[in-house]
Amino acid sequence: MIRSTLLISSLIFHSATALFSQHSCITTGDTIELGEVVVNGRASVRGAGFMKTSLDFDIAGRGNSTTLSTLISSASPVYVRSYTPGGIASLSFRGTGAAHTVVTWNGITLNNPMLGQSDASLLPLIAADQVTLYHGGSAVGAGHGGLGGVVEMATEPGWNSSNHLSVMTEAGSYGRISTGVVARYGSEKIRHTTRMGHYRAENNYKFSSKVLTGDLVRARVKNASANRDLFMQELFIRGQRSLSTARVWVQRSDRNLPVPENISPESHRERLEENTLRTVASHDRTAGRATWGLSAALNSGNMKYSDEVTGIISDTRYYKAIAKSSLLWQYGKGRSLKGGVVFENDIVQSENYSSDRSRYMASLSLISDYRISDRFDSNINMVLPLSDGDVITPDISAGVEYRPVRERDIYMSGNIAAKSRIPTTNDLYWIPGGNPDLKRERAVNSELSVAYEGSAAMFSWDMGCALYSNRITDMILWQPVNASLWSPRNVGKVHSRGFEVRAVVTAGESGRMLRAMLSSSRTISGTKENNEFLQTIYVPRNLAHFSLSGQYGRFSAKLMVNHTGKRYTDYDNSRYLRPHTITDIEIGYSAELLGGKTNLSLRAENVLNVNYQNVAYYPMPPASLMAALRWTVGER
Amino acid sequence: MSSYHNTIYRYLLLVLIPLISITACSSDDTPPGSDDYRLSPGERGLFLMNEGNFTRGNGSISFFSVDSNRIVNDIFLAANNRSPGDVPFSMLVRGDTSYIVVNNSGKIEVVSTYSMRTIKSVTGLNSPRYIVPVDDNRAYISSLYSNEIMVIDLVTLAITDTLSIGMTSEQIVVVDDKAFIASWSGNNIVTVVDIPSGEVIDTIETGIEPESMVLDIDDMIWVLCSGGFMHQEGGRLLRIDPASLQVVESIGFAQGSYPTSLRISGCGKHLYYLDGAVYSISVREPALPDNSLIDNGERLFYRIEPDTDNGYIFVSDAVDYQRRGSLLRYSLTGTFIDKHSAGIIPGNMIIHGK
């Protein structure tokens, strides 16, 4: 049992890096499509009938040490299950599993095809200009396989900003050091963006524990250091009616994986190295009412896992090629049709497969936006996956949006969606136990939401709430066949329902501004067994984030409070992690220096020194400090 | 103030009030342990090691009382207000002191048998599996990962020596002054150690992965080989003469089999093992049986323990390795008697009181 669990856990632990999509979305992050609206800094993004949320980078901080994991756990209803700072962090959207949340970067799915999930701790925010959450049904048009939702990272050309250079450095408790550079330069027709970052953390903080011996002891986290280096280069060329882009993202990371506090530190010494290369090239051209686009992407990755004590070594490589084309036709105000086709090829080389595995996938998509009246919009998304030549039931979503008050931005929306997720390559080919006969997982999603945006005098606000239901069937679960063999089967069922509330209220303008943000969610997710409802493990019923930030002249201050509710750690809900509320405080000062703008900030994290865990027996850091210095020349 | 602003403020209040209510809720992170555990020296029953899920630290220890026909779960947690650790795997009971081997926590919890209160935690061990006394004061501790056997003084509870045997170790059987140590994980060897000198005096080749061993009425060692985690070959049951150190009997299982959990009756005449179902073999007329003694049906039998003095065979059902498992009790003829809810992945059982 232990050895089978070791193999399976090594499978889970050691493949947490990003890869290519199984089905990429048709849209591109820098698209020139007419009618596409990219909103940054606002809480929500309208899409007829569907809920999307644009996250504010300022809540988590813009330093190179900040990752998608940090941002999402500070400002969204998505739960982040992170082992330790810098450790593996998976996302749970609306009560679903990590494999049901898809993360994309400029249209490429980053979820690992072996595991189906992405590691949000390896996705620094320096690699994106905006992050958007596509809740529930909206995921059909945003990224295939997101039964719970999609997290989209995107970069922008910055045509409207002048050349600028931003240099940032950070230093904090338990050996955290980070540097980053972002440069945008070029002309009105050609723009370049260069991003570089280095991050290192020892993560050797102290914690109190009486788990191992019964005596309360102060111990220090060992073997938890993490390193990450990133380089990204982007090129944008625009013509009269065209846009061409090329992007390259190279990243290497290595980290030690600490053992939980109930395990002797001598019993394991795990290390995980992950190197990735992601490239995307695209060309979009507009002719009259039509816009067509072509893009191609190539991604490769290498993951090396080792445990000096057990002697387990794993070396995995993966490659993915994507080609896609799309055609958008706008035939009226608020009315458009978009069709697309995507071809993909996954190649995985793993010692745990009988041979190198390659699979081809293709999909057709059709998106229709139809404005019924000036207060009534509708949207239909359909993606027809074609796998190895077999036509499979399409993913489909339909949404409507109604504005009950003509002069107010109040939106009432509803949608329903049927979605699917293909098995991971581990589910299909892992030896022993992989099951090539697995079917897709299926989900039916429904949602009702209300949103209100507006401004009056010195105030502006953006708020909304959503009720949702999500039923997943044919869920793939690894189950024991006998005492030594596990195999995946389509046997799981999960029903998630709940609500999400979000409000952002801003008073004043730049220079004298006060902003409050509240995000709260309640999630009931699980199965009924013997007339007893069992909540899915590591899905908190309650999540809440509150932040209050203000700026007065050169000074700024921020208060962030994050509450995570009880999380069950056992299937029968007999054990759980108690709720915790973490408070961070940040103060900042800006000044002109060396021809640029300099911002110095000091953040006190977990100021109340709360002893908490996100995963059982992995203590999180106590109170700590982080200082950041940013120098920017030119406008952003 | 406009009516719109009033609406906004009311809306915010509606959001904040439930949020504050949610935040105020708090409770403990571990289930309440039972305080029903009071063991008397002669009480008949068995300790059940619920391994829990690897790295999740949700293992536990139960005691089933034959006399009162009830199971008490989480007895270590109740006594010590903490879980025993990650994967409590095996246990040695010596009178009023017991030694709980917690595999993935790398420690042995030395406890009072009758109260379950910890006397001392012996930590820093490398993946310990079994603790087996080799003389009055010393015991050997096997290891899943290390090529060394740790020697512990059972009185001072200090690690007094390490024996390098060149491979990992699992079960240990002691015959006179020799210790027979099975090297299970990926190996096919039983190593023979001379206890007085601590020297390896011989190795005996077995089938792949010798998983369990017992000593029969004729002082012969029976070794059950599972055939390998990847089912490299069929299982194999061997009889070893501890005097000559020769394999004197070898019985092969069919390819695809995965026999485990070899146990022996109190009289030493009947072997029991798992291969999906429960099977029994006579040591005097050894042959693979055509029929099982206890059919597993839809159940996932994980470990067995015959309590032939009291007329029972206990079987643990791991269900799906996620939910709480069960302790099943059968008669010696395989008739189902009763079922008791246990912890997650109920494994090894240690009989107490005859």
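Here is what the cut-offs are and how they apply
Residues numbered from 1 in each chain as written. Chains lettered and ligands numbered in written order. Predicted model: local features only at pLDDT ≥ 70, side-chain atom pairs only at ≥ 80, totals over all residues. Heavy atoms only, no water. Helix = DSSP H or I, 4+ residues; strand = E, 2+ residues; numbered from the N terminus. Buried < 20%, exposed > 50% of the residue type's maximum accessible area, 1.4 Å probe, protein only. Contact = heavy atoms within 4.5 Å. Areas by Shrake-Rupley, 256 points an atom, 1.4 Å probe, with all protein chains shown as cover. Patch = residues over 30% accessible without salt bridge, like charges linked within 9 Å, V, L, I, M, F, W, Y side chains within 5 Å. Salt bridge = Lys/Arg side-chain N within 4 Å of Asp/Glu carboxyl O. Pairing = 2+ DSSP bridges. Axes fitted to C-alpha atoms, helices over the stretch in contact; angles between N-to-C directions. Core = buried A, V, L, I, M, F, W, Y, C linked by side-chain atoms within 4.5 Å. pLDDT = per-residue confidence, 0-100. Polar contact = N/O pair within 3.5 Å; in protein donor to acceptor, adjacent residues only side chain to side chain.

Trainee: Looking at this structure, how should I read the overall build of chain B?
Mentor: The helix and strand inventory of chain B stands at two helices and 27 strands. By residue count, 59% of the 354 residues in chain B fall in the buried class. At a minimum sequence separation of 6, the contacts of chain B that also span at least 24 residues come to 43%. Surface accessibility of chain B: about 13300 Å² in total, with carbon and sulfur atoms responsible for 47%.

Trainee: So what exactly am I meant to see when it comes to a nonpolar patch on the surface here?
Mentor: Residues and elements named next belong to chain A. A grouping of Ile585, Ile587, Leu602, Val607, Leu608 and Leu625 is seen on the molecular surface, where their side chains present a nonpolar patch of about 520 Å² in accessible area. Relative to the elements of secondary structure, Leu608 occurs in the loop between strand 35 (596-605) and strand 36 (613-615). The exposed category is assigned to Leu608, whose relative accessible area is 60%.

Trainee: How do you make sense of the pairing of strand 22 (residues 277-282) of chain B when you look at a structure like this?
Mentor: The side chains of a regular strand alternate, first on one face of the sheet and then on the other. Here six bridges tie strand 21 (residues 270-275) of chain B to strand 22 of chain B, and the two strands are oriented antiparallel to one another. Following the sheet pairing, Tyr272 of chain B is matched in strand 22 of chain B by Ser280 of chain B.

Trainee: Can you walk me through the sheet that holds strand 15 (residues 199-205) of chain B in this structure?
Mentor: The pairing of strands in a sheet happens through backbone hydrogen bonds and is either parallel or antiparallel. All names here are of chain B. Pairing in this open sheet of four strands is antiparallel, and the strands run 12-13-14-15 from one edge to the other. Sheet topology places strand 12 (172-175) and strand 15 at the edges, where each strand pairs with a single neighbour. Ignoring strand direction, the axes of neighbouring strands in this sheet form an average angle of 25°. Both strand 12 and strand 13 (residues 178-183) contribute to a ladder of four bridges, which runs antiparallel. Note on strand 13: the bridge partner recorded for Val174 is Ala179.

Trainee: Would you mind showing me how to read the nonpolar core here?
Mentor: Generally speaking, soluble globular proteins have nonpolar side chains that are buried together. With 34 residues, the main nonpolar core has Leu68 and Val131 of chain A as its most contacted residues. If you list the elements that add at least two residues to this core, you get helix 2 (57-60), helix 3 (68-75), strand 4 (89-92), strand 5 (101-105), strand 7 (130-135), strand 8 (149-154) and strand 14 (226-238) of chain A. The dominant element in this core, judged by the number of residues it contributes, is helix 3 of chain A, at three residues. Contact partners of Val131 of chain A, with chain neighbours within four places excluded, come to Thr53, Ser54, Leu55, Phe57, Leu68, Leu71, Leu125, Val151, Glu152 and Met153 of chain A. Among the nonpolar cores identified, the runner-up in size contains 18 residues, and Phe54, Val134, Ile165 and Val193 of chain B belong to it.

Trainee: Whenever I open this one, the confidence of the model for chain B confuses me. Can you help?
Mentor: A low pLDDT score tells you not to read the predicted coordinates there in detail. Residue and element names in this part refer to chain B. Summing up the model confidence of chain B, the mean pLDDT is 89 and the portion of residues at 70 or higher is 90%. Considering each helix and strand of chain B separately, the mean pLDDT is smallest for helix 1 (residues 3-24), with a value of 43, and largest for strand 17 (residues 221-225), with 98. Here residues 1-34 scores under 50 on pLDDT; set against residues more than four positions off or in separate chains, the count is 48 contacts. In the predicted assembly, ipTM is 0.77 and pTM is 0.84.

Trainee: Explanation requested: the environment of Tyr272 of chain B in the structure shown.
Mentor: All names here are of chain B. Position of Tyr272 among the secondary structure elements: in strand 21. On the basis of relative accessible area, Tyr272 is assigned to the buried category, the value being 6%. Separated by 170 residues in sequence, Tyr272 and Val102 place their C-alpha atoms 25 Å apart. Sequence-distant contacts of Tyr272, that is, excluding residues within four places in its chain, are made with Ser261, Leu262, Arg263, Ser265, Tyr279, Ser280, Leu293, Ile304, Pro306, Thr308, Ile313 and Leu332.

Trainee: Hey, could you run me through the side chain of Asn223 of chain A in this one?
Mentor: Residues and elements named next belong to chain A. Looking at the element boundaries, Asn223 is found in the loop between strand 13 (217-220) and strand 14. The exposure class assigned to Asn223 is buried, which follows from its relative accessible area of 16%. Only 3.4 Å separates the side chain of Asn223 from the side chain of Asn256, close enough to count as a polar contact. Among the polar contacts listed, one links the side chain of Asn223 to the backbone oxygen of Glu270, at a separation of 3.4 Å. Those residues within four positions of Asn223 in sequence are excluded, and the remaining contacts are Asn256, Leu257, Pro258, Arg269 and Glu270.

Trainee: Sorry if this is basic, but what is going on with the pattern of salt bridges here?
Mentor: Pairs can form between side chains of opposite charge once their charged atoms are near each other. Residues and elements named next belong to chain A. This structure, assessed with the given rule, holds 41 salt bridges over all chains. Taking the shortest distance from any N to any O, the salt bridge between Arg252 and Asp229 comes out at 2.7 Å. Of this pair, Arg252 sits in strand 15 (residues 242-257) while Asp229 is found in strand 14, placing the two residues 23 residues apart along the sequence. Exposure remark for Arg252: the relative accessible area of 34% places this residue in the partly exposed category. The structure contains a network of salt bridges with shared partners spanning Asp129, Arg184, Arg195, Glu234 and Arg247.

Trainee: Explain the confidence of the model for chain A to me, please; I cannot follow it from the model alone.
Mentor: With 90% of its residues at a pLDDT of 70 or more, chain A has an overall mean of 86. In the predicted structure, residues 1-45 of chain A sits below a pLDDT of 50 and forms 176 contacts with residues beyond four places in sequence or in another chain.

Trainee: Looking at this model, I keep getting lost on the environment of Ser336 of chain A. Mind explaining?
Mentor: All names here are of chain A. Checked against the element boundaries, Ser336 lands in strand 19 (residues 335-349). Put simply, Ser336 and Arg371 are 35 residues apart on the chain and 9.1 Å apart in space, counted from C-alpha to C-alpha. Apart from the residues within four sequence positions on either side, Ser336 is in contact with Leu328, Trp329, Gln330, Tyr331, Ile367, Ser368 and Asp369.

Trainee: What am I meant to see in helix 3 of chain A here?
Mentor: Residue pairs three or four apart in sequence face the same way in an α-helix, which turns once every 3.6 residues. The buried count for helix 3 of chain A comes to six of eight residues, which makes it a mostly enclosed element. Of all the positions in helix 3 of chain A, only Leu68, Ser69, Leu71, Ile72, Ser74 and Ala75 of chain A are classed as buried.

Trainee: Whenever I open this one, the sheet that holds strand 20 (residues 260-264) of chain B confuses me. Can you help?
Mentor: All names here are of chain B. Across the sheet, which stays open at both edges, the three strands sit in the order 20-21-22 with antiparallel pairing between neighbours. Each of the sheet's edge strands pairs with one partner strand only, and the pair in question is strand 20 and strand 22. Strand after strand, the sheet turns through a mean of 20° between neighbouring axes, direction not considered. Note that strand 20 and strand 21 share three bridges and pair antiparallel. Looking at the pairing, Arg263 lines up with Tyr272 of strand 21.

Trainee: How should I be thinking about unusual backbone geometry in this particular structure?
Mentor: Glycine aside, residues mostly have negative phi, and peptide bonds are mostly found in the trans state. Of the consecutive residues Ile431 of chain A and Pro432 of chain A, the connecting peptide bond is found in the cis state with omega at 5°. Unlike most non-glycine residues, Leu594 of chain A shows phi in positive territory, near 55°. Tracing the sequence through the fold places Leu594 of chain A in the loop between strand 34 (580-593) and strand 35. Residue classification places Leu594 of chain A among the exposed positions, given a relative accessible area of 73%. One non-glycine residue, Asp74 of chain B, lies in positive phi territory at about 55°. Structurally, the position occupied by Asp74 of chain B is in the loop between strand 3 (70-72) and helix 2 (75-80). On the basis of relative accessible area, Asp74 of chain B is assigned to the buried category, the value being 6%.

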